[in-house]
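Structural overview
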Amino acid sequence: MKIQTLMVQGTTSDAGKSTVVAALCRLLQREARKVVPMKPQNMALNSAVTEDGGEIGRAQALQAQAAGVAPHTDMNPVLIKPSSDTGAQIIVHGKVRADMDARDYDQYKTVAMSAVLESYARLQAQYDAIIVEGAGSPAEVNLRARDIANMGFAEAVDCPVILVADIDRGGVFAHFIGTLACLSESEQNRIIGFVINRFRGDISLLEPGLEWLEQKTGKPVLAVLPYLHGLMLDAEDAIQLKQNSTGKFRIIVPAIPRIANHTDFDALRAHPDVDLQFIGPDHPIPPADLIILPGSKNTRDDLAFLKQRGWQQVLEKHLRYGGKVIGICGGYQMLGQIVSDPHGVEGKSGDSVALGLLDITTELTKEKRLQQVAGTCAFGDMPAAKVSGYEIHMGVTYASSDTLPAFIVDGEEEGTRSPDNLILGTYLHGLFDHPEACKAILQWAGLESEITVDLNALREQSIDRVADACIPLLQALKQLP
């Protein structure tokens with residue numbers, strides 16, 4: 001089989017689709033193939049800014065890195081960013097198209113499919129291999145009509161599909177058989193084989209099940225992929241509250257309902273001297289050296305959430321004892337005096353009284369700022385330490401003359417520090433990714449460590465590890481007729 005367009009679908013969310021796509025992209029890139037990832041529709045609050053000034057899911061940016069190409073909006077033509085349990089911001093070709101509830105978006109899918117097929121045609125013209133990631137599961141029969149994320153796309157472009165299941169969850173054979181049973185005959189025929197992901201144990205004990213599955217379905221098991229520990233790959237959306245941190249410098253992050261771009265903390269999670277913990281709503285708030293308020297897709301609602309759960313008092317006490325606080329994007333806006341929403345960007349128009357810890361005010365705007373940035377830190381013991389990142393926000397923040405800048409970006413002051421130097425706010429996502437910035441910010445926060453973390457190098461090592469594990473899968477695909 002010559003791989004031109006191949007779609008990777010899963011029996012469930014988090015089955016490992018994103019990782020398999022990244023692995024196949026890296027393997028084909030090693031063969032000097034012009035390969036590109038694509039995800040027609042993605043629902044996620046972790047996003048990245050592309051070189052063409054648009055917004056896509058972070059998983060597709062990681063897959064682009066695996067393929068050795070710059071991220072582009074055609075790699076994720078439709079991005080859905082939930083702002084509530086029933087509503088979401090719809091981003092098409094990297095730009096905000098509208099805010100819709102689930103029913104309105106279901107009707108909008110015919111328009112969205114046109115955008116998806118436009119992107120696919122452009123990628124076809126530029127690359128000789130396209131590895132496509134599905135979303136969730138193709139077995140959601142209630143979403144079959146107007147589907148653009150799974151079999152609806154595969155049928156429209158007439159591409160083969162491999163189906164991935166996570167054996168670590170249990171029930172892997174039922175997942176495969178049940179998924180097939182929910183598909184039409186033409187969709188079943190489109191599946192060319194199965195991939196079992198995250199296996200650990202004695203493979204000989206699994207082999208009878210593999211034989212049964214192949215006899216039952218007439219389809220091959222293309223690969224059994226191992227459970228790989230310690231990977232440092234950008235999460236598509238969900239956060240893991242459980243950490244394996246062992247460091248003594250404790251950083252806590254509230255797991256707010258609409259947390260956005262929690263991948264900002266990957267470099268901190270990888271630092272051996274740091275113990276980073278996401279604190280869920282039902283967890284006690286522990287003492288910390290540093291508290292970071294993360295980005296949010298709905299700043300005003302998440303601000304209310306923090307206040308209801310006593311975080312304002314925790315922050316005030318933390319600061320009284322000399323602790324440091326950082327706010328990123330929505331978290332930065334929350335640290336100020338007022339978050340004003342005159343246009344109803346996040347729902348009902350009005351003003352929210354913020355935490356009152358920084359002398360800033362924010363007005364939410366209809367226009368979203370999307371930009372990759374680079375600059376230097378404006379604080380601490382590492383003069384001009386380099387920082388890089390990206391901005392994704394709908395709002396303008398005004399600081400008083402008493403505040404200090406956090407960074408210097410393109411010759412301009414960015415972000416805010418309090419006069420007592422205990423609080424830092426910024427719009428920069430990915431601010432810990434650059435080793436110099438990570439070290440400088442941690443020094444500012446009170447950690448004295450000679451260790452530096454190069455997150456990009458860790459990503460590269462992880463991509464290569466999953467690619468090496470997927471070599472048998474690529475070999476099996478090439479042997480198919």
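This is a predicted model, so every value here is computed, not measured. (Residues numbered from 1 in each chain as written. Predicted model: local features only at pLDDT ≥ 70, side-chain atom pairs only at ≥ 80, totals over all residues. Heavy atoms only, no water.)

Describing empty space enclosed by the protein
The condition is simple: For each structure, a 1 Å grid was placed over the protein atoms alone; sets of points admitting a 1.4 Å probe that cannot get out are labelled cavities, open sets with protein on both sides within 12 Å along at least five of seven lines are labelled pockets, and lining residues have an atom within 4 Å of a point. Grid points are joined across faces, edges and corners, and a volume is the space filled by probe spheres set on the points. Numbered from the N terminus, helices here are DSSP runs of H or I no shorter than four residues, and strands are runs of E no shorter than two. Three residue categories are used. Nonpolar comprises Ala, Val, Leu, Ile, Met, Phe, Trp, Tyr, Cys and Pro, charged comprises Asp, Glu, Lys and Arg, and polar comprises the others, including Gly.
Applying the stated criterion across every chain, the model contains two cavities of 30 Å³ or more. Lining the largest cavity we find 19 residues, and of these Ser 296, Lys 297, Ile 392, His 393 and Met 394 sit closest to its centre. At the level of secondary structure, the elements contributing two or more residues to the lining of the largest cavity comprise strand S17 (295-296), helix H11 (330-334) and strand S23 (386-393). Taken together, the residues that form the lining of the largest cavity break down as six nonpolar, nine polar and four charged. The calculated volume of the second largest cavity comes to roughly 40 Å³. In terms of lining, the second largest cavity is formed by His 271, Lys 439, Leu 442, Gln 443, Leu 447, Ser 449 and Ile 451. Looking at the lining of the second largest cavity, its residues break down into three nonpolar, three polar and one charged.

Digging into helix H12 (residues 435-445)
To keep things clear, this is the line we draw: When accessible area is computed with a 1.4 Å probe and restricted to protein chains, residues below 20% of their type maximum are described as buried, those above 50% as exposed, and intermediate ones as partly exposed.
Counted residue by residue, H12 has nine buried out of eleven residues, so it is predominantly covered. At the C-terminal side of H12, Gly 446 shows a positive phi close to 120°.

Re the pattern of salt bridges
A pair can form between side chains of opposite charge whenever their charged atoms are brought close. As a reminder of what qualifies: Salt-bridge detection follows one rule: a side-chain nitrogen of Lys or Arg within 4 Å of a carboxyl oxygen of Asp or Glu.
This structure, assessed with the given rule, holds 28 salt bridges. For Arg 169, the salt bridge is made with Asp 14, and the minimal N-O distance between the two is 3.7 Å. Of this pair, Arg 169 sits in the loop between strand S10 (161-166) and helix H5 (172-181) while Asp 14 sits in the loop between strand S1 (5-10) and helix H1 (17-30), and the two are 155 residues apart along the sequence. Judged by its relative accessible area of 42%, Arg 169 is partly exposed. The class for Asp 14 is exposed, based on a relative accessible area of 52%. Among the ionic pairs, Asp 234 bridges to Arg 58, the shortest N-O distance being 2.8 Å. Here the residue Asp 234 occupies a position in the loop between strand S12 (221-226) and strand S13 (249-254), and Arg 58 occupies one in helix H2 (residues 58-67), the gap between them amounting to 176 residues. In this pair, the class of Asp 234 matches that of Arg 58, namely buried.

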